[in-house]
Structure formats: C-alpha cells, structure tokens
Amino acid sequence: MAPHDHRITLLGKPGCHLCDDARAVVERVAGELGVPWEERDITASPDDMAEYGEMIPVVLIDGVQHDYWRVEESRLRSALTI
C-alpha cells in the first residue's frame, strides 16, 4: 500500500499542548508523504470522550490506533511506508 492510500486521524481537544506537538509531527510527515489527514475534536463526541479522553492526542491510521500521548515521527513514517 502506498503512503497516499492511508488516512491519518488526529484526535485531540482545544488547549492541549501535546495535541499541538502531535499536530506538527502529523502535518510534517503527512505533507512529505502525501498522506491525507484530518483532525477530530474529541469534546464534540461523547463516544470519543469516553474512549480517548485520558489518552489524547491519539493518532489513528486507517481508523486503527497507532500512537497516543506522544507521536514519534520515525514510527509514524515507518507505519505509512510499509
């Protein structure tokens, strides 16, 4: 699967400094590899709050949880290029 065939979702909430850090990593890696990505505010969904409230930021690749709290750039890049 080519990198651009994947989709990244970043789950976070306003005022979260770790989310800001994760966003920077996701933006950089997604931009370099041509991977589409979106950001979702967990405070807009009771289900997301219940599932991810203590773990944000959370990165999903193709809907599957990849990382949480800290996003490691090399690990994200590797998961998208395998």
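Use the structure listed above.
Below: a short report on this structure. (Residues numbered from 1 in each chain as written. Predicted model: local features only at pLDDT ≥ 70, side-chain atom pairs only at ≥ 80, totals over all residues. Heavy atoms only, no water.)

**Quick notes on the pattern of salt bridges**
Moving on, step 1. Scanning the model with the defined rule gives 8 salt bridges in all.
Moving on, step 2. Here Arg-23 ties to Asp-20 by a salt bridge, and the two come within 2.9 Å at their closest N and O atoms. Of this pair, Arg-23 and Asp-20 both sit in helix H1 (residues 17-33), separated by 3 residues, roughly a single helical turn.
Moving on, step 3. Under the relative-accessibility criterion, Asp-20 is labelled partly exposed at 41%.
Moving on, step 4. A salt bridge links Glu-39 to Arg-23; its shortest N-O distance comes to 2.7 Å. In this pair, Glu-39 sits in strand S2 (residues 37-41) while Arg-23 sits in helix H1, placing the two residues 16 residues apart along the sequence. (Salt bridge = Lys/Arg side-chain N within 4 Å of Asp/Glu carboxyl O. Helix = DSSP H or I, 4+ residues; strand = E, 2+ residues; numbered from the N terminus. Buried < 20%, exposed > 50% of the residue type's maximum accessible area, 1.4 Å probe, protein only.)

Read these as layout, nothing more, since geometry by itself doesn't imply function.
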